[in-house]
Amino acid sequence: MAWSSLSPLPKGNVAQIMCKKREKEKEQYPYKVIEITPPPKHLGIRCLPLNLQCGESVTIEGQTYTISSVTHRYQLRKGKYEPSEKRLDVLSTGRYILNLYLESLLEKS
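The following paragraphs examine the structure supplied in this document. (Residues numbered from 1 in each chain as written. Predicted model: local features only at pLDDT ≥ 70, side-chain atom pairs only at ≥ 80, totals over all residues. Heavy atoms only, no water.)

## Examining the nonpolar core
Our working definition: We call a set of buried Ala, Val, Leu, Ile, Met, Phe, Trp, Tyr and Cys residues a nonpolar core when their side-chain atoms join them within 4.5 Å. Each residue's exposure class comes from its accessible area (1.4 Å probe, protein chains only) as a fraction of the maximum for that residue type: buried when under 20%, exposed when over 50%, partly exposed otherwise. Helix and strand definitions follow DSSP, with helices as H or I runs of at least four residues and strands as E runs of at least two, each counted in order from the N terminus. Throughout, a residue-residue contact means that at least one pair of heavy atoms, one from each residue, lies within 4.5 Å.
Counting eleven residues, the largest nonpolar core is built from Y31, V33, L43, L48, L52, V58, I60, Y65, I67, L88 and V90. Looking at this core, the elements with two or more residues in it are β1 (28–35), β2 (41–49), β3 (57–60), β4 (63–77) and β5 (80–92). Not counting residues within four places of it along the chain, the set of residues in contact with V33 comprises K41, H42, L43, G44, R46, L48, I60, L88 and V90.

Okay, here's the thing in structure tokens:
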């Protein structure tokens, strides 16, 4: 059965995204990446290392972003919790630094 890029998946089927492994790099996992500066902007699904943390820098399409939060969501299926989504909320690096500066000014007042 062939899938068209325009037709939706039938109920119960879940699209699987696999990341190609490069020989010298660590394992890569698909993350949904969203820039959270208003209005939120979906940057796509990217293959990135599993051990990403808040405050790290990531380059996407030539632009540098700083990770604001990492979310791993799980769904209960057949009595077991299974991973359903990995999400990165990012800010442009300039905006992230500006937010840190404004927070420090707020604390001082």
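## Brief notes about the sheet that holds β5
Selection rule: In this analysis, strands are considered paired if DSSP registers two or more bridges between them. Structural elements are reduced to axes, namely lines fitted to C-alpha atoms, with helices fitted over the stretch in contact, and the angle between N-to-C directions of any two is expressed from 0 to 180 degrees.
The mixed open sheet is built from five strands, whose spatial order is β2-β1-β5-β4-β3. Each end of this open sheet is capped by a strand with a single partner; those strands are β2 and β3. Within the sheet, the average angular offset between the axes of one strand and its neighbour, ignoring direction, is 45°. Pairing between β3 and β4: four bridges, direction antiparallel. Bridging across to β4, V58 finds its partner in Y65.

## Quick look at the pairing of β1
When β1 meets β2, the two strands line up antiparallel, connected through eight bridges. Its bridge partner lying in β2, I34 is registered against H42. The hairpin formed by β1 and β2 contains five residues between the paired strands. Examined bridge by bridge, β1 and β5 share four bridges and lie parallel to one another. Bridge pairing in β5 links I34 to D89.

## Overview of the side chain of D89
Selection criterion: Think of a polar contact as two N or O atoms within 3.5 Å of one another; within protein, one of them needs to be a possible hydrogen donor and the other a possible acceptor, and neighboring residues in sequence only count if both atoms come from side chains.
Position of D89 among the secondary structure elements: in strand β5. Here D89 falls in the buried class, since its relative accessible area comes to 10%. Within polar-contact distance, the side chain of D89 engages the side chain of S69 at 2.9 Å. Apart from residues lying up to four places away in sequence, D89 is in contact with I34, I36, T66, I67, S68 and S69.

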